[in-house]
Amino acid sequence: METEETFKLFESKRLLIGEQIPYSFLLEVLARSAIMFMVTLVILRMSGKRGIKQLSIFELAILISLGSAAGDPMFYQEVGLLPAIAVLCVVIMLYKCLTYLSGKFESIEKFVEGKAIKLIEEGRILQHVLKKESLAYDELFSQLRQHSVSHLGQIKTAYLETSGDLSIYYFADQQTDAGLPILPELYDHSVNDFNGSVYACKLCGNTAKLHRIEVCTVCAGQEWVKAIKTTRIS
Ligand SMILES: [Zn+2]
């Protein structure tokens, strides 16, 4: 081990290749990387997945384990290829096993993958769920906007999938009611003067005709914005 006195900051050889490692090791890194890359490719193909757009927590755990096991032997002199390949095999076997068991037992599936959760019902945000899933309003609204939603009155139900994606079921145009606008230029304008038109609670999306400020009957929120009733054009 280096002591404080002999340690030289930014010493070029240590910085570039590492202490006690000859530059010729770079050649071996080439071969190691090629081998580990091919092995990882084969193992991932064996997992049976076709491609990954959004990761569930389960898949993320698999990828982190695989990534670390595949990467280390590419450039650590002291890490051999075989232990890493063994790790890859074990991880992918666990993945196969858990996937199989998830198909058989619902409790295991719930633990491994989580399950879809209802976030919006009849144009209203189920706040307690939002809190529990530690999802922020701007995050939710941002996702809704990406689905061309402009206000919650357009949404019959929305589910948060285990991948973090939203699945949305819409009201037909003629059934679309006034709802909470989620466009920032409208949402950010809390109303102080009420004139009997329809307003939406900023916390839950509940709508009401108000002549003066009132407490939301659903969530006890006290901030309102003017509701809008546009239909969805996607
Ligand atoms: Zn409310």
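Residues numbered from 1 in each chain as written. Predicted model: local features only at pLDDT ≥ 70, side-chain atom pairs only at ≥ 80, totals over all residues. Heavy atoms only, no water.

Caption draft 1: Molecular detail of the domain arrangement of the chain. Taken as a whole, the chain is organised into domain 1 (18–111) and domain 2 (117–226). Between the C-alpha centres of domain 1 and domain 2 the distance comes to 42 Å. (Domains from an automatic or database assignment.)

Caption draft 2: Expanded view of the coordination of the zinc ion. Protein-derived coordination of the zinc ion comes from C201 (SG), C204 (SG), C216 (SG) and C219 (SG), at a distance range of 2.2 to 2.3 Å. Around the zinc ion sit four donor atoms, and with donor-metal-donor angles ranging over 99 to 115 degrees the site reads as tetrahedral. Sequence spacing of the donors to the zinc ion: C-x2-C-x11-C-x2-C. One end of the pair, C201, is in strand β5 (residues 198–201); the other, C219, is in the loop between β6 (207–209) and β7 (224–226), and 18 residues separate them in sequence. (Donors = N, O, S within 2.8 Å, 3.2 Å for Na, K, Ca; no water. Tetrahedral: all angles 85-135°; square planar, octahedral: opposite > 155°, others 65-115°. Helix = DSSP H or I, 4+ residues; strand = E, 2+ residues; numbered from the N terminus.)

Caption draft 3: Expanded view of the packing of helix α3 (residues 57–75) against helix α4 (residues 81–104). Packing of α3 against α4 leaves a shortest axis separation of 8 Å and a crossing angle of 170 degrees. The angle between the axes of α3 and α4 places the two elements in the roughly antiparallel class. Contact residues: F58, E59, I62, S65, L66, A69, A70 and P73 in α3; L81, A84, V87, L88, V91, I92, Y95, L98 and T99 in α4. (Axes fitted to C-alpha atoms, helices over the stretch in contact; angles between N-to-C directions. Parallel < 35°, antiparallel > 145°, perpendicular 65-115°, else oblique. Contact = heavy atoms within 4.5 Å.)

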